[in-house]
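What follows is each chain in one-letter form.
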Amino acid sequence: MKPAERTEGEAADIATRLLAWYDRHARRLPWRVGPAERAAGVLPDPYRVWLSEVMLQQTTVAAVRSYFDTFVRQWPTVEKLAAAADDDVMRAWAGLGYYSRARNLIAAARAVAAAGGFPDQAVALTKLPGIGRYTASAIAAIAFDRPEAVVDGNVERVIARLFAIAESGAEAKRLILAEQERLTPHERPGDYAQAMMDIGATICTPKRPACALCPLNDDCEAAAEGRPEAYPVKAARTARPTRYGRAFVAVREDGAILLRRRPPKGLLGGMAEVPGSAWSGEHPGDDEGSPTKLPWRRVAGKVVHVFTHFRLELEVLTAEAGADVPAPDGAWWSAAEDIRGEALPSVMKKVIEAARPGATLAKPPGPVPSGRRHGGGRSAA
Ligand code: SF4
């Protein structure tokens, strides 16, 4: 059934059933206000809603929780975050991935602080760095109870199944948004948005959805067909290309590791890394990317990391350096006890761990005994 063929009454019934379920089963999340509090007129802090939504882009709730707690403890208001040093924010973000989000987070916090608060309409929210249509509608609905149609990955799946949307790609997205616009109620739109997210996260899961427990079972076309997992229909995938590179882990006698900063713009912009070659479709030449003359040796295995648009295969080389080896221009020796606090993306943690096991973990290893050579590395995938 197409959106135009469904009646307003049917759409309202679906929202009512969903909200009744949400009143009993809402997930408790640190950035949320529960349905009972909302009914009493309490709205969540837009700063916490915005921060959580930015963190949740491409990342799961389980992974975000501890980062969210760290951020609100360190910067309890948007003004405090706006006044933070860029490096401190990037460091606190390290490990969450998609680092352009952190750079946009800082820029947006400064714009909001300068304007005296968050705008309360989706259109104005999209003017802030890093806030696209989805995030703007989520903040407007959740923090300000605006009747915005919110469609994240979970909601997309629920609606594709609910209406057995047979299209894929951009056409499916258009139909899903049209359905969500039709379903979104003017009463309790913030709760409705979160209820849809919760159904997708806990009941209408990608594999083996719990249709028997679902409050939308009687409305659901995919369940009626007996094949909910057939939706959303996937577009044909294009192969992910592989890029190759070399990474050089220089370890000083006292355990310090040579690092440099990536350019501020682009992939992993502004994050720390060990020196290395460019990443390209060709294998790099023997000395490409070497930061300084040292007796480099290969670590066994390759470090493999999968980014959204490509797969990266890195050959890791390591060498011990004397205490008098200077850091090249733009690089620095990061002391053994400081490595964990550096803004290292996951791929660089893998590289360092391959050459120097334990260096990025909670308890740093001791200094390298003079003349000791590290054993072979590991292959990280
Ligand atoms: S009935 Fe099943 S497929 Fe349909 S929305 Fe509920 S959990 Fe998803």
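The rules we used
- Residues numbered from 1 in each chain as written.
- Predicted model: local features only at pLDDT ≥ 70, side-chain atom pairs only at ≥ 80, totals over all residues.
- Heavy atoms only, no water.
- Domains from an automatic or database assignment.
- Buried area = accessible area lost by both parts, 1.4 Å probe.
- Salt bridge = Lys/Arg side-chain N within 4 Å of Asp/Glu carboxyl O.
- Polar contact = N/O pair within 3.5 Å; in protein donor to acceptor, adjacent residues only side chain to side chain.
- Helix = DSSP H or I, 4+ residues; strand = E, 2+ residues; numbered from the N terminus.
- Nonpolar A, V, L, I, M, F, W, Y, C, P; charged D, E, K, R; others polar.
- Buried < 20%, exposed > 50% of the residue type's maximum accessible area, 1.4 Å probe, protein only.
- Pairing = 2+ DSSP bridges.
- Patch = residues over 30% accessible without salt bridge, like charges linked within 9 Å, V, L, I, M, F, W, Y side chains within 5 Å.
- Areas by Shrake-Rupley, 256 points an atom, 1.4 Å probe, with all protein chains shown as cover.
- Lys, Arg positive; Asp, Glu negative; His and termini not counted.
- Charge placed at Lys NZ, Arg CZ, Asp CG, Glu CD.
- Phe/Tyr/Trp six-rings, centres within 6.5 Å; stacked < 30°, edge-to-face > 60°.
- Near = heavy atom within 4 Å.

Observations regarding the domain arrangement of the protein
Then, in step 1: On domain assignment, one finds that the protein holds domain 1 (3-230) and domain 2 (242-355).
Then, in step 2: Inter-centroid distance (C-alpha atoms) of domain 1 to domain 2 is 37 Å.
Then, in step 3: The junction of domain 1 with domain 2 conceals about 810 Å² of combined surface from both sides, 48% of it contributed by carbon and sulfur atoms.
Then, in step 4: Summed over the three residues of domain 1 that lose the most area to domain 2, namely Arg91, Tyr99 and Arg103, the buried surface amounts to 55% of that side.
Then, in step 5: Counting across the interface, domain 1 meets domain 2 through one salt bridge.
Then, in step 6: Its salt-bridge partner being Asp87, residue Arg261 comes within 3.6 Å of it at the nearest N-O pair.
Then, in step 7: Linking domain 1 to domain 2 there are four residue pairs in polar contact (both at pLDDT 80 or more).
Then, in step 8: Top contributing element to the side of domain 1 that touches domain 2 by residue count: helix α6 (residues 86-93), with three residues.
Then, in step 9: Classifying every residue of the side of domain 1 that touches domain 2 gives four nonpolar, one polar and three charged.

Digging into the pairing of strand β5 (residues 311-321)
Then, in step 1: Most of β5 sits out of view: nine of its 11 residues are buried.
Then, in step 2: Inspection of the sheet shows strand β1 (residues 242-252) paired to β5 by 11 bridges, in the parallel sense. Within the sheet, the bridge partner assigned to Val251 lies in β5 and is Glu320.
Then, in step 3: As defined by bridge partners, strand β4 (residues 297-306) adjoins β5 across seven bridges and the pair is classed as antiparallel. If you follow Arg297 over to β5, its bridge partner there is Thr318.
Then, in step 4: The hairpin formed by β4 and β5 contains four residues between the paired strands.

Observations regarding a positive patch on the surface
Then, in step 1: Residues Lys207, Lys234, Arg237 and Arg240 make up a contiguous surface patch of positive charge.
Then, in step 2: With respect to the helices, strands and loops of the structure, Lys234 is situated in the loop between α13 (221-225) and β1.

Observations concerning the packing of aromatic side chains
Then, in step 1: Applying the stated criterion across every chain yields a total of eight aromatic pairs.
Then, in step 2: Ring geometry for Trp31 against Phe68: centres 5.1 Å apart, planes inclined by 70°, an arrangement best described as edge-to-face. In this pair, Trp31 sits in the loop between α1 (8-25) and α2 (35-39) while Phe68 sits in helix α4 (residues 61-74), placing the two residues 37 residues apart along the sequence. Comparing Trp31 with Phe68, the two get one shared label, buried.
Then, in step 3: Seen from their ring centres, Phe71 and Trp93 are 6.0 Å apart, and the 85° between their planes marks the pair as edge-to-face. Of this pair, Phe71 sits in helix α4 while Trp93 sits in helix α6, placing them 22 residues apart in sequence.
Then, in step 4: Residue classification places Phe71 among the buried positions, given a relative accessible area of 0%.
Then, in step 5: Exposure remark for Trp93: the relative accessible area of 0% places this residue in the buried category.
Then, in step 6: Grouping aromatic residues by their ring pairs yields a cluster made of Tyr47, Trp50 and Phe118.

Focus: the site of the ligand
Then, in step 1: The local shell around the ligand consists of Arg161, Ile203, Cys204, Pro209, Cys211, Cys214, Asn217, Cys220, Ala223 and Pro228.
Then, in step 2: Of the residues in the shell around the ligand, the class split is eight nonpolar, one polar and one charged.

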